[in-house]
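# Residue-level structural notes
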Amino acid sequence: WRVLTEEGVHRRYQPGCVLLRQGADGTHVFLLAHGYVKVTRLEPDGSELLLAVRGPGDLLGEMAVLDGGVRSATVSALTSSQAYAVPAARFREIVRRFDLHGPLIRLTIQRLREGEDIRAEIARLPAPVLVARTLIRLAIESEVRLSQSDLMAATGLSRSAVAAELARLRRAGIVATSRCRVVIRDFDALHAAAFSERPVLDSSLRT
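Presented here is a report on the structure given in the accompanying data block. (Residues numbered from 1 in each chain as written. Predicted model: local features only at pLDDT ≥ 70, side-chain atom pairs only at ≥ 80, totals over all residues. Heavy atoms only, no water.)

### Observations regarding the overall build of the protein
- Within the protein, the secondary structure is distributed over 8 helices and 11 strands.
- The globule rule puts the C-alpha radius of gyration for 207 residues at 17 Å, and the 18 Å found for the protein is close to it.
- When the backbone C-alpha atoms are referred to their principal axes, the protein occupies close to 55 × 30 × 25 Å.
- Burial analysis of the protein (207 residues in total) assigns 46% to the buried set. (Helix = DSSP H or I, 4+ residues; strand = E, 2+ residues; numbered from the N terminus. Rg over C-alpha atoms; globule rule 2.2 N^0.38 Å. Buried < 20%, exposed > 50% of the residue type's maximum accessible area, 1.4 Å probe, protein only.)

### Some words on the sheet that holds strand 2 (residues 18-20)
- Spatially, 2-7-4-5 is the arrangement adopted by the 4 strands of the open sheet, whose pairing is antiparallel. Looking at the sheet topology across the chains shown, the edges are occupied by strand 2 and strand 5 (48-54). With direction set aside, neighbouring strand axes in the sheet form an average angle of 30 degrees.
- In this sheet, strand 7 (residues 74-77) lies alongside strand 4 (residues 37-42) in antiparallel orientation, the contact comprising 4 bridges. Bridge pairing in strand 7 links Lys38 to Ser76. (Pairing = 2+ DSSP bridges. Axes fitted to C-alpha atoms, helices over the stretch in contact; angles between N-to-C directions.)

### Here's the deal with the environment of Ile174
- The residue Ile174 is located in the loop between helix 7 (159-171) and strand 10 (175-178) in this model.
- The sequence separation of Ile174 and Asp188 amounts to 14 residues, and the corresponding C-alpha distance is 8.9 Å.
- Once residues lying within four places of it in the same chain are set aside, the contact partners of Ile174 are Leu169, Val183, Ile184, Arg185, Asp186, Ala189 and Leu190. (Contact = heavy atoms within 4.5 Å.)

### Considerations on the sheet that holds strand 11 (residues 181-184)
- The strand order 9-11-10 describes an open sheet built from 3 strands, whose pairing is antiparallel. Both outer strands of the open sheet, strand 9 (143-144) and strand 10, are each paired with one neighbouring strand and no more.
- Looking at chain direction, strand 10 and strand 11 are connected through 4 bridges and run antiparallel. Residue pairing across strands places Ala176 opposite Val183, the latter belonging to strand 11.

### Considering the pairing of strand 3 (residues 28-34)
- Bridge analysis of strand 3 against strand 8 (residues 81-87) gives 6 bridges, and the strand direction is antiparallel. When the sheet's bridge partners are listed, Val29 is paired in strand 8 with Val86.
- Of the pairings in the sheet, the one linking strand 3 to strand 6 (residues 59-60) comprises 2 bridges and is antiparallel in character. Each bridged residue has a counterpart across the sheet, and for Leu31 the counterpart in strand 6 is Leu59.

### Examining helix 6 (residues 148-155)
- Those residues of helix 6 that sit buried are Asp150, Leu151, Ala153, Ala154 and Thr155.
- In the core, the buried residues of helix 6 are packed alongside strand 4, strand 5, helix 4 (101-124), helix 5 (127-138), strand 9 and helix 7.
- Once helix 6 ends, the next one or two residues include Gly156, with phi positive near 75 degrees.

### Quick word on unusual backbone geometry
- Notably, Glu141 is not glycine yet its phi reads approximately 50 degrees, a positive angle.
- Here Glu141 is to be found in the loop between helix 5 and strand 9.
- Since its relative accessible area comes to 68%, Glu141 is described here as exposed.
- Phi is positive for Ser142, close to 70 degrees, though the residue is something other than glycine.
- You can see Ser142 is positioned in the loop between helix 5 and strand 9.

Printed below as a string of structure tokens:
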């Protein structure tokens, strides 16, 4: 990705700043150099779905640039972040020059499948398993740096359901929580909870 840093414009973002907005034109591709961002999508029913947390070295916004469509999701900074913005035409030229079509197609397919898998899990998994899998998926070095609202968007659960599951994991010594932060203390136990068979949670706790 060195050529992207050479060709891109260096930009800085404070927490909460939007790098890419769903529905906007694909004018640039971003290479994230420092910090972490979250990827969210507004679904047709009006709900927000948190798809992923991206970190240094991740490419952002390539899909809309390659297919000429609009942004499929919003990307906003979780922490102080730095990125290199490469204009769309320049990025497409780099893709042609270095024959990057194959790797980028695979990346796009992987991310599309990721979104489909998340929706499928939200639809069928009980809350204890869903919360555990979400924490594993969004963890950065044994930490999940997200608010309860973010975890609601990532799981499709109500605030009370998310709080109840975090409390259960906390009592078991599997996680510790503070404001906008979940620390995984026992990854093996969390993994066991994420992939164990659990009874389906009462639907009143789901949104």
